[in-house]
Amino acid sequence: MPSMRIAFVQGRPLFGRTEENLERGLALAATVDADLVVMPELWSTGYVFSSHEELAALAEDPRKGATAQALTWAAKREKRHYICGFAEAARGGRVYNSAMLVGPSGVKSVYRKLHLFEREQEWFEPGDIPLAVEKVGPARVGMLICFDWRFPETARALALMGADVIAHPSNLVYPNAQEAMRVRGLENRVYVVTANRTGTETRPGGTVPFTGRSQIVSPAGEVILRAKKSEEVALAEDCDLSRSRDKALSGITHLFDNRRPQFYGVVTAKTRTRKRAARA
Ligand code: ACM
């Protein structure tokens with residue numbers, strides 16, 4: 001039975017205090033026995049930016065920055081993997097809201113958030129690299145970030161690419177996202193690990209309260225682990241990967257084989273809903 005022990009870290013990073021945030025996240029992670037630890041979105045920096053200069057000063061090289069270094073060191077020492085959100089500095093001064101997957105030999109891959117939430121669109125470039133699934137021990141793991149939850153095509157694509165587990169670093173603000181992720185687990189028969197922030201961040205750019213309630217959802221859509229709204233905690237659970245690999249809904253019906261993709265073309269076509277509404 002292929003299985004893996006997966007954890008999330010839920011906490012309250014301090015804006016701009018990268019070193020302290022990484023230290024705190026790794027200290028929480030050290031309290032759990034797990035093969036893969038998922039930390040929240042933008043864990044290293046905090047969330048509410050107030051200028052491009054501020055963001056540029058906090059954005060990191062994805063291979064040599066503070067987050068890559070701290071997680072590589074921890075992954076090597078603890079012989080396990082981490083996924084963590086950070087602000088990624090790229091060529092031409094571009095900054096992405098990204099997550100890195102790190103193992104004992106260093107950064108294995110980076111995901112750039114495809115669907116930016118509200119004012120994030122002022123600060124970050126939208127993701128421009130394809131969704132991907134990576135091997136992590138016996139598991140195949142895909143990454144999404146926070147508001148990607150609102151676009152179910154992302155989780156479906158990862159499941160079709162063979163993901164057993166969707167890691168979902170988050171700074172969630174809508175209270176219904178956790179329930180929606182149960183559906184993403186159920187409709188794709190995958191584990192979904194949402195590592196969310198807690199607390200409220202008040203900065204010159206505004207005040208944002210976060211919803212906590214980080215969770216692991218099973219391929220049947222059950223919440224098998226959930227943190228409280230305000231606690232800072234790391235929690236871990238064993239995930240039986242054979243459950244996510246079994247896509248048979250019954251002896252007759254199969255989640256993937258019974259799809260009718262020839263009727264779904266509109267899902268991948270560009271939509272022009274705003275323009276249509278304006279014309280009407
Ligand atoms: C979000 O995408 N941080 C709500």
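Residues numbered from 1 in each chain as written. Predicted model: local features only at pLDDT ≥ 70, side-chain atom pairs only at ≥ 80, totals over all residues. Heavy atoms only, no water.

Some points on the packing of aromatic side chains
Here is step 1: What the rule picks out here adds up to 6 aromatic pairs.
Here is step 2: Centre to centre, the rings of Phe15 and Phe49 are 5.3 Å apart; their planes meet at 75 degrees, and the pair counts as edge-to-face. You can see Phe15 sitting in the loop between β1 (3–10) and α1 (18–29) and its partner Phe49 sitting in the loop between β2 (36–38) and α2 (52–58), a full 34 residues away along the chain. Here the two residues Phe15 and Phe49 agree in accessibility, since each one is buried. (Phe/Tyr/Trp six-rings, centres within 6.5 Å; stacked < 30°, edge-to-face > 60°. Helix = DSSP H or I, 4+ residues; strand = E, 2+ residues; numbered from the N terminus. Buried < 20%, exposed > 50% of the residue type's maximum accessible area, 1.4 Å probe, protein only.)

Comments concerning the pairing of strand β6 (residues 133–136)
Here is step 1: Where β6 meets strand β7 (residues 139–143), 4 bridges bridge the pair, whose relative direction is antiparallel. Paired with Glu134 across the bridge in β7 is Val141.
Here is step 2: Turn length for the β6-β7 hairpin, with the two strands adjacent in sequence and antiparallel, is 2 residues, and the turn residue Gly137 shows positive phi of about 55 degrees. (Pairing = 2+ DSSP bridges.)

Thoughts on the environment of Val267
Here is step 1: In this structure, Val267 sits in helix α8 (residues 265–268).
Here is step 2: Along the backbone, Val267 and Ala157 are 110 residues apart, and their C-alpha atoms lie at a distance of 12 Å.

Details of unusual backbone geometry
Here is step 1: The residue Leu42 is not glycine, and still its phi comes out positive at about 45 degrees.
Here is step 2: Relative to the elements of secondary structure, Leu42 occurs in the loop between β2 and α2.
Here is step 3: By relative accessible area, which is 0% here, Leu42 ends up buried.
Here is step 4: Despite not being glycine, Arg189 shows a phi value in the positive range, around 50 degrees.
Here is step 5: Tracing the backbone through its elements, the reader meets Arg189 in the loop between α6 (177–188) and β9 (191–195).

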